[in-house]
Amino acid sequence: MSEYLAKDLLTLAPYVPGEQPKDGAFVKLNTNENPYFPSRYAVSLITDKAIDDLRLYSDPTCAALRGAIAAHYGVGEKNVAVGNGSDEILAFAFRAFAENGVCFPDVTYGFYKVFAALFGAAAEIVPLREDFTVDAAQYADKKKLVVIANPNAQTGIYLPLSAVETLAESNRGSVVLVDEAYVDFGGESAVKLIGKYDNLLIVQTFSKSRSLAGARVGFALADEKLIADLERVKYSFNPYNVNRLSAILAKAAMEDVSYFADSTEKIVRTRESFAAELKKLGFSAIPSSANFIMAKHEKIGGAALYEKLKTRGILVRHFGEERIRDYVRVSIGTPENMRVFCETAKEIIDGTKG
Ligand SMILES: *Cc1c(COP(=O)(O)O)cnc(C)c1O
């Protein structure tokens, strides 16, 4: 750190992304990326003309992309905002709506507490129940920004739509942000509720279910006024936030419904057979509606298992927080990836005493 850094950033603990190794030597199951090639239709649109157009700034309104998202979800274009990854949308939302603080679960996406610190919002941490489920009743009338990932990050547990509605209903005085990064793998989106609750902000991403993590595109679905608030922040920060090529890829990926259905179905099927395999190996896993599974084994701690897997060429994610440190989080890759994981995990466990 330099002597010039703003004082309030001295104690900020930045988000630590999962490792992105430079070589392809690892079976990479650590950052919940999609194992399948992006939509071929989308990729076919990256023509010489599209590249020539890079001379020009991108469309700050992202009209074409927002139109495709709006059509897909049956909402108006004014109900959609897009960002440079959903992380950027989350940042805009924290800047816009966390003036009176923010609350979120103890076990969830690690970025929420970083954004709270960056934007100077007081964070209230609400513990999940013993079984890692969200108790919606604990979030009533918070008078601050409420943030829930659904399915939840790090657990994969899906909170039923009726409970999401309870959150929106019981917090009429503040914004309820539902981060649906994983919803396509086993949940139902709350988007159908945005007409009923003007305080409900849905955030989704192209990174997980549409194989475009590296393109950096995320979006928000909400009442027009909430979207206008997000745009107010965007136009005060980076009006051209989605680059031309990513906008083309994302629009086409949203339109390529059959590709999307096929690849998400494969991942869900792989998750279910992987869960069954884990059980046979003696793991206990949190039931997941996402594209990852949190699993622990009584013979080995989470940190040790992470290290031993890494030595053997498999990258998973381990989190040091007390409630989940016995676990490793394993992203769902191809069936072959999961076969290699299971074989390697079995070797490690068989070689571990008691
Ligand atoms: C992956 C993830 C994001 C970030 O997605 P990007 O669109 O790639 O920025 C946001 N929220 C949760 C819960 C995630 O798991």
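Peer 1: Account for the overall build of the chain, with residues named and values stated.
Peer 2: The secondary structure content of the chain amounts to 11 helices and 12 strands. Over its C-alpha trace the chain gives a radius of gyration of 20 Å, about what one expects of a compact globule, namely 20 Å for 354 residues. Overall, the C-alpha framework of the chain stretches about 60 × 50 × 50 Å when taken along its three principal axes. Looking at the chain as a whole, 52% of its 354 residues qualify as buried. For the chain, the exposed surface amounts to about 16300 Å²; the carbon and sulfur share of it is 54%. Between the centroid of the 42 positive side chains of the chain and the centroid of its 45 negative side chains there is a distance of 2 Å.

Peer 1: Which residues make up the pattern of salt bridges, and what are the values?
Peer 2: For the structure shown, the criterion picks out 22 salt bridges. We note a salt bridge from Glu265 to Arg269, for which the minimum N-O separation is 2.9 Å. Taken together, the positions of Glu265 and Arg269, both in helix H9 (residues 257-280) and four residues apart, correspond to about one turn of that helix.

Peer 1: Before we move on, could you go through the sheet that holds strand E3 (residues 102-105) and cite the residues and values that matter?
Peer 2: Taken in spatial order, the seven strands of this open sheet run E2-E8-E7-E6-E5-E3-E4, and their pairing is mixed. A strand with exactly one partner marks an edge of an open sheet, and here the two such strands are strand E2 (80-83) and strand E4 (123-126). Within the sheet, the average angular offset between the axes of one strand and its neighbour, ignoring direction, is 20°. Contacts from helix H7 (residues 224-234) reach E2, strand E7 (200-205) and strand E8 (218-222), with the element oriented near 145° to E8.

Peer 1: Before we move on, can you summarise the layout of surface pockets with the specific residues and values?
Peer 2: Taken as a whole, the largest pocket spans an internal volume of roughly 570 Å³. Looking at the lining of the largest pocket residue by residue, the classes come out as 11 nonpolar, nine polar and seven charged. The residues that make up the lining of the largest pocket include at least three from each of domain 1 (7-37 + 258-350) and domain 2 (40-256). Empty space within the second largest pocket amounts to approximately 300 Å³. In this structure, the second largest pocket is lined by 15 residues; those nearest its centre are Lys28, Glu33, Asn34, Pro35 and Ala213.

Peer 1: Account for the environment of Gly120, naming residues and giving values.
Peer 2: The topology assignment puts Gly120 in the loop between helix H5 (111-118) and E4. A relative accessible area of 67% places Gly120 in the exposed class. In sequence terms Gly120 and Ile46 are 74 residues apart; their C-alpha atoms lie 40 Å from each other.

Peer 1: So what's going on with the domain arrangement of the chain? Residues and values would help.
Peer 2: Under the domain assignment, the chain is made up of domain 1 (7-37 + 258-350) and domain 2 (40-256). On a C-alpha basis, the centroid separation for the pair domain 1 and domain 2 is 24 Å. Note on domain 1 versus domain 2: buried area summed over both sides is about 2700 Å², and carbon and sulfur give 61% of it. Together, Tyr15, Phe260 and Arg323 form the three largest contributors to the area buried by domain 1 at its contact with domain 2, with a combined 26%. Our count for the domain 1 to domain 2 interface comes out at one salt bridge.

Peer 1: Talk me through the site of the ligand; I want residue IDs and the actual numbers.
Peer 2: Near the ligand, the surroundings consist of Gly85, Ser86, Asp87, Tyr109, Ala153, Asp179, Ala181, Tyr182, Thr205, Ser207, Lys208 and Arg216. Here a nitrogen atom of the ligand sits 2.7 Å away from a polar atom, N or O, in the side chain of Asp179. Between an oxygen atom of the ligand and a side-chain N or O atom of Arg216, the distance comes to 2.7 Å. Within the complex, the protein chains bury 93% of what would otherwise be the 380 Å² of accessible surface of the ligand. The cavity that encloses the ligand is the largest pocket. Of the residues contributing to the shell around the ligand, the split by class is four nonpolar, four polar and four charged.

Conventions adopted
Sequence order as written defines residue numbering, which begins from 1 separately in each chain. Selection of residues for local features in this predicted model requires a pLDDT of at least 70, selection of side-chain atom pairs for listing and counting requires 80 or more, and totals for whole chains, interfaces and linings are taken over all residues. Hydrogens and water molecules were not included; the side-chain quantities draw on all heavy atoms of the structure. Starting at the N terminus, helices and strands are each numbered in turn, a helix being any DSSP run of H or I of at least four residues and a strand any DSSP run of E of at least two. Each radius of gyration is computed over the set of C-alpha atoms, and the globule rule expresses the reference value as 2.2 Å times the number of residues to the power 0.38. Exposed residues in this analysis have more than 50% of their type's maximum accessible area, buried residues have under 20%, and partly exposed residues fall in between, with area computed by a 1.4 Å probe over protein chains only. In these tables, accessible area is a Shrake-Rupley quantity obtained with a 1.4 Å probe, and a residue counts as shielded only by the protein chains included in the view. Residues counted as positive are Lys and Arg, residues counted as negative are Asp and Glu, and His and the chain ends are not counted. Note that the charge is assigned to NZ on lysines, CZ on arginines, CG on aspartates and CD on glutamates. In the sections that follow, a salt bridge refers to a side-chain nitrogen of Lys or Arg positioned within 4 Å of a carboxyl oxygen of Asp or Glu. Think of it this way: DSSP has to see at least two bridges between two strands before they count as a pair. Lines fitted to the C-alpha atoms define the axes, with helices restricted to the stretch that makes contact. Angles between their N-to-C directions range from 0 to 180 degrees. In this description, contact between two residues means that some pair of their heavy atoms is separated by no more than 4.5 Å. Think of a 1 Å grid over the protein atoms and nothing else: a 1.4 Å probe that fits but is trapped marks a cavity, an open set flanked by protein within 12 Å on at least five of seven lines marks a pocket, and residues with an atom within 4 Å of a point count as lining. Grid points are joined across faces, edges and corners, and a volume is the space filled by probe spheres set on the points. Classification convention: Asp, Glu, Lys, Arg as charged; Ala, Val, Leu, Ile, Met, Phe, Trp, Tyr, Cys, Pro as nonpolar; all other residues, Gly among them, as polar. A domain assignment, automatic or from a database, supplies the domain bounds used here. Take the accessible area each of two parts loses on contact, using a 1.4 Å probe, and add the two losses: that sum is the buried area. Definition of nearness: a residue and a molecule or strand are near each other if at least one heavy atom of the residue lies within 4 Å of the molecule or strand. Polar contacts, as counted here, are pairs of nitrogen or oxygen atoms within 3.5 Å of one another; within protein the pair requires one atom able to donate a hydrogen and one able to accept it, and residues that are adjacent in sequence qualify only if both atoms are side-chain atoms. Whether a molecule lies in a cavity or pocket depends on its atoms, and more than half of them have to be within 2 Å of the grid points.

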